[in-house]
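Next come the chains, spelled out residue by residue.
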Amino acid sequence: MPSHHNSDELIFFVNGRKVVEKHADPEVNLLQYLRKVLRLTGTKYACGGGGCGACTVMLSRYNVKTKKIHHYPVTACLVPVCSLHGAAVTTVEGVGSIKTRIHPVQERLAKCHGTQCGFCSPGMVMSIYTLLRNHPEPTPEQIMEALGGNLCRCTGYRPIVESGKTFCVESTICQVKGTGKCCMDQEEKSSLGSQEKLCTKLYNEDEFQPLDPSQEPIFPPELIRMAEDPKKRRLTFQGERTTWITPVTLEDLLELRAKFPKAPLVMGNTTVGHNIKFEDKFYPVFLSPLGLPELYFVNTTDDGVTIGAGYSLAQLNDALQFIVSEQPKERTKTFRALLSHLRTLAGAQIRNMATVGGHVVTRPRFSDLNPILAAGNAIINLISKEGERQIPLNGPFLEGSPEADLKPEEIVLSVFIPYTAQGHFVLGLRQAQRQENAFAIVNAGMSVKFEDGTSTIKDLQMFYGSVASTVVAAKQTCQRLLGRSWDDQMLGDACRLVLDEIYIPPAAKGGMVEYKRTLIVSLLFKFYLKVRQGLNKMDPKKFPDIPETYLSALEDFPIETPQGIQMFQCVDPAQPLQDPVGHPIMHQSAIKHATGEAVFIDDMPAVDQELYLAVVTSTRAHANIISIDTSEALALPGVVDVITAEDVPGENNHKGEIFYAKNEVICVGQIVCTVAADTYAHAKAAAKKVRIAYEDIEPRIITIKQALEHNSFLSVERKIEQGNVEQAFKHVDQIIEGEIHVEGQEHFYMETQTVLAIPKEEDKEMVLHLGTQFPTHVQEYVAAALNVPRSRVACHMKRAGGAFGGKVTKPALLGAVSAVAANKTGRPIRFILERGDDMLITAGRHPLFAKYKVGFMNNGVIKAADVEYYINGGCTPDESELVTEFIVLKSENAYDIPNFRCRGRPCKTNLPSNTAFRGFGFPQATVVVESYITAVASQCNLLPEEVKEINMYKKSSKTAYNQKFNPEPLRRCWKDCLEKSSFHARKKAAEEFNKKNYWKKRGLAVVPMKFTIGVPIAYYNQAAALVHIYMDGSVLLTHGGCELGQGLHTKMIQVASRELNIPKSKIHLSETSTVTVPNALFTAGSMGADVNGRAVQNACQILMSRLEPIIKKNPEGKWEDWVAKAFAESISLSATGYYKGYQTNMDWEKEEGEAYPYFVYGASCAEVEVDCLTGAHKLLRTDIFMDAAFSINPAVDIGQVEGAFIQGMGFYTIEELKYSPEGVLYSRGPDDYKIPTVTEIPEEFYITLVHSRNPIAIYSSKGLGEAGMFLGSAVFFAIYDAVAAARRERGLTKTFTLSSPATPELIRMTCVDQFTDMIPRDDPSTFTPWSIHVS
Ligand SMILES: Cc1cc2nc3c(=O)[nH]c(=O)nc-3n(C[C@H](O)[C@H](O)[C@H](O)COP(=O)(O)OP(=O)(O)OC[C@H]3O[C@@H](n4cnc5c(N)ncnc54)[C@H](O)[C@@H]3O)c2cc1C
Ligand code: FES
Ligand code: FES
């Protein structure tokens, strides 16, 4: 940290060690301090805004009043280091380490297979660890609550929750809900009557070390002494640009407040920190009263409770829980309403940081608590040097009117929340994109009081959040309803009045306008029902109850702890014990992930002289660059250079991919220049000062529709046709035509793209370290950009914190950009994309638009289908052509349609270039197929599953492109799935449920899958490996595949162990690099283990053949003896293994080929419940049957299937990218792009790896990396089923289409009813919407 005068010493502890920082800078947060100053890199950066939990650490503070130590989780990225004076920080390194002793939390997370890429793992460990410090024997609910603020993009959470549940008292060994038998102790019989046994034990609990809370580090006594010190004085920390002042008494605080009225009071810093990071706010002075005893208290009186402003929302939660447990129910309605929202507001970390005072004062438009506090007549107690005063929370204060605001010198001391009385009802309501840790789309706090003994309204209050720039009160509505009776007529009037009063303009920021309007009345309706129910409870004779079919409308979906079983083939008992193939072996790096010792790129220590790079990206979708003015940027401190297209020594446009924009920009987010500086903060500050003048160019093409209008394509059309489609249409009973839109998806790998480029002084060599799926590609692009032979460029890749296709091509672009900067400055370059830049620049899954025409008989037999697909490729070729080919080839899915035509073409638009994403077009295209099957079913009055069964491939057949295959495993998966999930019985039960529940509907769906791995170009399937045996017998294994979290290296070690007949422990796998294995192809297409496994096998077999004569001569000898002997006999102990690859091909002229090596089959069944009033859904149960053939590692394969399923489910339901009509991506972080959290996973989750034969692949295995993605669409179609039930009941029997994703908005607006009918609609031609769909 830079040196400054007049600064106090900042004293805190990290992992038991005292830190004395003499130059504490208020602008530095704990995450930066841990990583860069203390070099504790276990704590990760993944978003910087408190939204992902990757940076979770435990804070411990001593409370002088209670004399207790308070441990709580925080997101280090939002903790200013200056706020830590007197605190103890525990990071993952302090919990346990391989070097000393790993902690049971770390051990169990690893052994339960709760880590894949490992980037989220330290955060997960810290969340569970902190919970255990407070509750050594937690309940499963507490585990769920503790993990709600931690995102994981790989695992699908189930194994993480399971590792946490091993600490629960009610033993979690048994995973089968209520069956009374323990699944861990048994072997299940395989479904189809075969004698084969299935195993269910993915780990062995007996191996776990017990948790011994007495072994945890103690709180540093010095900090207790510091806290108790009566001579404590005000502290000041002076940074480079800002000053931080920590008062020690309330008086002192008020003094400072008067002196610095504009300085924020930094409490939880969850708003201040956010504003600084994302809104570019700058504050020269901060006041930090965190921990000031006068702000921490709960005071209960006869009228209500007063909560100190310093209380965190978590402490507020605990206090309210206690009061609710003590007080009669009717007094605590406001408290219970608050509690219901406190459970889902943000994640546990934010709830432990954010304070009551901060929440109330900031009055965010989305506030979950203020509407309830306002409805509950809460009062804010203010204090200043002038004295104290009270203001109501519900008046002009809440609306943000300046005259009602706090005076500059005032602070909030506390908030008073009155008790409710009989006949006073208070309720909180909310709907968000996902249930937990997501800002509300609309929320509300409502209260009503009645004249004694009547249902005549005496007082009514309604407050809505997220519908305007502040929380708004429906004052006039409430006023007009006074004196009215609480009945249906009043409700009708109330809805009309409130829609008049709260008008959301059609182009309102945030969009979803009609949905929000609908929610305004739907939430009001829920309140209405709840109150009617309450009145009925008070006096059933006087007040009739609500109809029984309406009852379930009142219940929010509970957050349940998931249960489930995972089944897989048992290893043949005759297999040698040492042979690990087929066993559920833990990920090779799992323990290192859990201890934070696994090194990712930005964890690598600084290289001498290194510079940080920040990007300047285009703000226009299509424009000429008139000028770039870098003068201001270059003048800033620490800035070394600005790099533009002019600085690229070689090709700036390599195969259509542009490194630095030159003369013209073709999308928002295109890299125009980069700034290199001594720190990232300096580089970023300077990047903001680069001035670029643009002149827009026409056309600006953003959507597929616009691209079609302009005939704008990236490549030619691809087509597959069989039979005679036109002829067949003439002989069918019915024809349906339709259109479907499938929006894109963000990879949201937890580790953003990161490059470390190190120029070498000799021979123009460049060394790059980066997380990529394709080091060869990086090497090619860097060599092209630098104009050097590829032999001068070395790319090293140890691991990536998730990739999912997003690190196939994009690292080459970013590598070239960094290498050019390194080349120009002559210094190493560290280029870490911030989450927002990553989401903007690297784009994601292709949005898709499809038109279909399907001809079928009334019995459901489909005779002909003609489908056209268009994908939004963005502005450069990337892999859009290949994605289109995959779509065309794979889109028949599991169905045998005799006359079938399928065409596809990628559109060129002015969006960032879309790229590979798990499934590579298949998950988008197959939604279309399943949708038209569903539409056919609807037309024929059949279940979709019946139409699927009728049209599914049943015997050895040929695909539409003439490739032979045997669908027997498909049939098995399909039948097993229907049978084992009890689909038909549950479907009946759901229908019964639906009859009894008007506002909640259940739906079920089963989707079958025929997926392919690999690529239809033979040379793409080749692979190589390099195996060295050292003289001590240890083995260094290298191959061309990249470890992305998918467990590839773990499987490769298993292969080598079997082939060399040595234990895994003798085999080391360090990294992938272009130096050791040249020209390796991408690790993608689900074939990493297939092809690299063969190459490793080949290398090992070569080595074994060399050792064979020696072994024969000394069969009783040890491995080490044989190796020593071989060396003595001058036998080479190093071998290259090679696999030529699957000999696939595709002739697009003839429209036929052996396009893929083999097929992977599967089926999944999902059951959901939908809330028709809000559009929320809950995934009740999922059953997956996946044809794994023989699984080399069932833990890894199940992890892939589950993780892909949850990622797919996110894609089809809640993940929604928002673009402006001008092509600006709005969703650039976890705040506005919602991937599934632990709350979204199925309550019951059953997964079976189905055994089949696949002689073509190594050990008869199959590649399962991508296949699970599409199975997530079962959730989409189950939602469809539920929505269809709602529509039928409302008399809407016509077939309808759902676009993907089926968001709460789409679900709600498709469940048409009196509320959607009453909202105002806008003529689309009269306004420009805030956001548009680009599919
Ligand atoms: C990732 C994330 C998710 C979130 N999710 C939700 C959500 O789902 N629902 C929701 O409602 N909110 C949500 N929030 C917002 C959160 O509730 C607020 O940011 C928080 O309550 C603010 O409290 P704080 O203590 O952190 O305020 P700070 O950031 O410390 O301060 C904010 C402002 O309040 C002022 N202030 C603080 N205390 C006082 C006081 N005692 N007297 C006078 N002024 C004071 C400060 O001067 C400052 O200007 C989320 C925030 C984050 C970061
Ligand atoms: S990096 Fe801190 S919460 Fe995401
Ligand atoms: S293991 Fe959780 S993000 Fe990769």
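As a convention, each chain's residues are numbered from 1 in the sequence order in which they are written. Whichever chain is written first becomes A and whichever ligand is written first becomes 1, with later ones labelled in order. Only residues with pLDDT of at least 70 get local features here, since the model is predicted, and only at 80 or more are side-chain atom pairs given and counted; chain-wide, interface and lining totals rely on the full set of residues. Excluded from the side-chain calculations are hydrogens and water; all other atoms, namely the structure's heavy atoms, are used.

- In the nomenclature of an unreviewed UniProt entry, the chain is known as aldehyde oxidase of Oryctolagus cuniculus.
- Checking UniProt for the chain, the heading Subunit (unreviewed entry) contains the comment "Homodimer." UniProt positions are given in the numbering used here, feature names are shortened, and annotations may be inferred rather than shown by experiment.

Quick word on the overall build of the chain
Right, so step 1: The helix and strand inventory of the chain stands at 39 helices and 48 strands.
Right, so step 2: Considering the chain as a whole, with its 1335 residues, one finds that 66% of them fall into the buried category.
Right, so step 3: The contact criterion used is simple: two residues touch if any of their non-hydrogen atoms lie within 4.5 Å. Within the chain, counting contacts between residues at least 6 apart in sequence, those at least 24 apart form 77% of the total.
Right, so step 4: Here the chain displays about 46,700 Å² of accessible surface, and carbon together with sulfur accounts for 50% of that area. Each helix is a run of DSSP H or I of at least 4 residues and each strand a run of E of at least 2, with the numbering of both proceeding from the N terminus. Here the term buried applies to any residue with accessible area under 20% of the maximum for its type, exposed to any over 50%, and partly exposed to those in between, with areas from a 1.4 Å probe on protein chains only. Each accessible area is a Shrake-Rupley estimate made with a 1.4 Å probe; only the visible protein chains count as cover when residues are assessed.

What to know about the nonpolar core
Right, so step 1: Among the nonpolar cores identified, the biggest contains 271 residues, and Y464, W486, Y869, Y932, W1119 and M1186 are the most heavily contacted of them.
Right, so step 2: Broken down by element, this core gets its largest block of residues, 13 residues, from helix α18 (residues 513-538).
Right, so step 3: Leave out the neighbours within four places in its chain, and W1119 touches I1029, G1033, V1035, L1060, I1062, K1066, M1104 and L1107.
Right, so step 4: Residue types Ala, Val, Leu, Ile, Met, Phe, Trp, Tyr and Cys, when buried and joined through side-chain atoms within 4.5 Å, form a set referred to as a nonpolar core. Counting 85 residues, the second-largest nonpolar core is a separate cluster that includes V28, L250, V272 and L338.

Quick look at the packing of helix α32 (residues 1048-1060) against helix α33 (residues 1088-1113)
Right, so step 1: Geometry is summarised by axes, namely lines fitted to C-alpha atoms with helices restricted to the contacting stretch, and by angles between N-to-C directions that run from 0 to 180 degrees. Remark: α32 packs on α33, axes separated minimally by 9 Å, with the N-to-C direction vectors making an angle of 30°. Classified by the angle between their axes, α32 and α33 sit roughly parallel to one another. As for how α32 packs across α33, the hand of that crossing is right-handed. Note on element contacts: α33 touches α32 through G1088, A1089, N1092, G1093, V1096, Q1097, C1100, Q1101, L1103 and M1104, opposite L1048, K1051, M1052, V1055, A1056, E1059 and L1060.
Right, so step 2: Only Asp, Glu, Lys and Arg are considered charged in this grouping, and only Ala, Val, Leu, Ile, Met, Phe, Trp, Tyr, Cys and Pro are considered nonpolar; every other residue, Gly among them, is considered polar. A breakdown of the residues in the contact of α32 with α33 according to their chemical character gives 10 nonpolar, five polar and two charged. Just so you know how the angles are binned, under 35 degrees is roughly parallel, over 145 roughly antiparallel, 65 to 115 roughly perpendicular, and the rest oblique. For a crossing to be left-handed, the near helix must be turned anticlockwise from the far one by less than a right angle; the clockwise case is right-handed.

Comments concerning helix α5 (residues 140-147)
Residues three or four positions apart in an α-helix share a direction because the helix packs 3.6 residues into each turn.
Right, so step 1: Those residues of α5 lying buried are P140, I143, M144, A146 and L147. The arc that holds every buried residue of α5, seen down its axis, measures 165°, which confines them to one face.
Right, so step 2: Tucked into the core, α5 has its buried residues touching α4 (121-134), α6 (158-165), α11 (333-344) and α12 (348-353). The arc in question is the one spanned by the directions pointing from the helix axis to the C-beta atoms.

Considering the side chain of N997
Right, so step 1: With respect to the helices, strands and loops of the structure, N997 is situated in the loop between α31 (983-996) and β40 (1000-1012).
Right, so step 2: Residue classification places N997 among the buried positions, given a relative accessible area of 9%.
Right, so step 3: Of note is the side chain of N997, whose polar atom sits 2.7 Å from the side chain of S552.
Right, so step 4: When neighbours within four sequence positions are excluded, N997 is seen to be in contact with T549, S552 and E1289. Pairing of N or O atoms within 3.5 Å defines a polar contact, subject to two protein rules: one partner must be a possible hydrogen donor and the other a possible acceptor, and residues neighboring in sequence count only if both atoms are side-chain atoms.

Examining a positive patch on the surface
Right, so step 1: Any residue with relative accessible area above 30% and no salt bridge may belong to a patch, with like charges joined within 9 Å and the nonpolar Val, Leu, Ile, Met, Phe, Trp and Tyr side chains within 5 Å. Only one rule defines a salt bridge in this text: a Lys or Arg side-chain nitrogen within 4 Å of an Asp or Glu carboxyl oxygen. Counting rule applied: Lys, Arg positive; Asp, Glu negative; His and chain ends not counted. By convention, the charge on Lys lies at NZ, on Arg at CZ, on Asp at CG and on Glu at CD. A surface patch of like charges, here positive, comprises K329, R336, K530 and K537.
Right, so step 2: As for its position among the elements, K537 is in helix α18.
Right, so step 3: Classification of K537 as exposed rests on a relative accessible area of 64%.

Observations regarding the packing of aromatic side chains
Right, so step 1: Any pair of Phe, Tyr and Trp rings, taking the six-membered ring for Trp, is counted once the centres come within 6.5 Å. Such a pair is stacked with planes under 30 degrees apart, edge-to-face with planes over 60 apart, and tilted for the rest. The tally for this structure, following the rule as stated, stands at 41 aromatic pairs.
Right, so step 2: A centroid spacing of 6.3 Å and a plane angle of 15° characterise the contact between F748 and Y1233, whose relative ring orientation is stacked. With F748 in the loop between β30 (734-742) and β31 (754-759) and Y1233 in the loop between α35 (1194-1212) and β48 (1244-1250), the pair connects residues that are 485 residues apart, well separated along the chain. Across the pair, exposure class does not vary: F748 and Y1233 are buried alike.
Right, so step 3: Ring centres of Y852 and Y932 lie 5.4 Å apart, and the angle between their planes is 50°; this geometry places the pair in the tilted category.

Digging into the UniProt feature "binding site: substrate" (unreviewed entry) in the chain
Right, so step 1: Using the residue numbers shown here, the UniProt feature "binding site: substrate" (unreviewed entry) corresponds to F920.
Right, so step 2: Of the residues examined, F920 reaches a relative accessible area of 9% and is grouped as buried.
Right, so step 3: Dropping the residues within four chain positions of it, F920 is found in contact with R845, E879, L882, V883, F886 and E1266.

So, empty space enclosed by the protein
Right, so step 1: A cavity here means a set of points on a 1 Å grid, drawn over the protein atoms and nothing else, where a 1.4 Å probe fits but cannot get out; a pocket is an open set with protein on both sides within 12 Å along at least five of seven lines, and a residue lines either one if it has an atom within 4 Å of a point. Grid points are joined across faces, edges and corners, and a volume is the space filled by probe spheres set on the points. Summed over the entire model, instances satisfying the criterion amount to nine cavities of 30 Å³ or more.
Right, so step 2: Counted as a void, the largest cavity has a volume near 530 Å³.
Right, so step 3: Along the walls of the largest cavity sit 36 residues, with T1083, A1084, S1086, G1265 and E1266 positioned nearest its centre.
Right, so step 4: Looking at the lining of the largest cavity, the elements that each hand over two or more residues are α27 (880-890), α32, α33 and α35.
Right, so step 5: Broken down by class, the residue content of the lining of the largest cavity amounts to 18 nonpolar, 13 polar and five charged.
Right, so step 6: Within this model, the second largest cavity holds a volume of roughly 130 Å³.
Right, so step 7: H113, Q116, A1195, V1196 and G1199 are, among the 18 residues lining the second largest cavity, the residues nearest its centre.
Right, so step 8: Of all the secondary structure elements, the ones that give two or more residues to the lining of the second largest cavity are α6 and α35.

Topic: the site of ligand 1
Right, so step 1: Whether a residue is near a molecule or strand depends on its heavy atoms: if one lies within 4 Å, it is near. Neighbouring residues of ligand 1: 33 residues in total, closest L265, M267, T270, T271 and T355.
Right, so step 2: The backbone of M267 places a nitrogen or oxygen atom 2.7 Å from an oxygen atom of ligand 1.
Right, so step 3: Contact between ligand 1 and T355: an oxygen atom at 2.6 Å from a side-chain N or O atom of the residue.
Right, so step 4: Considered on its own, ligand 1 offers 980 Å² of accessible surface; in the complex 94% of this is hidden by protein.
Right, so step 5: Contributing elements (two or more residues each) for the shell around ligand 1: α9 (272-279), α13 (356-362) and β15 (411-418).
Right, so step 6: No other element matches the five residues that α13 contributes to the shell around ligand 1.

So, unusual backbone geometry
Right, so step 1: In this model, E698 is joined to P699 through a cis peptide bond whose omega is -5°.
Right, so step 2: You can see P699 is positioned in the loop between β28 (691-696) and α22 (704-709).
Right, so step 3: A cis amide bond links S1300 with the next residue in sequence, P1301, at an omega value of 5°.
Right, so step 4: With respect to the helices and strands, P1301 occurs in the loop between α37 (1273-1289) and α38 (1304-1310).
Right, so step 5: Backbone geometry at A346 places phi at a positive 50°, although glycine is not the residue there.
Right, so step 6: With respect to the secondary-structure elements, A346 resides in the loop between α11 and α12.

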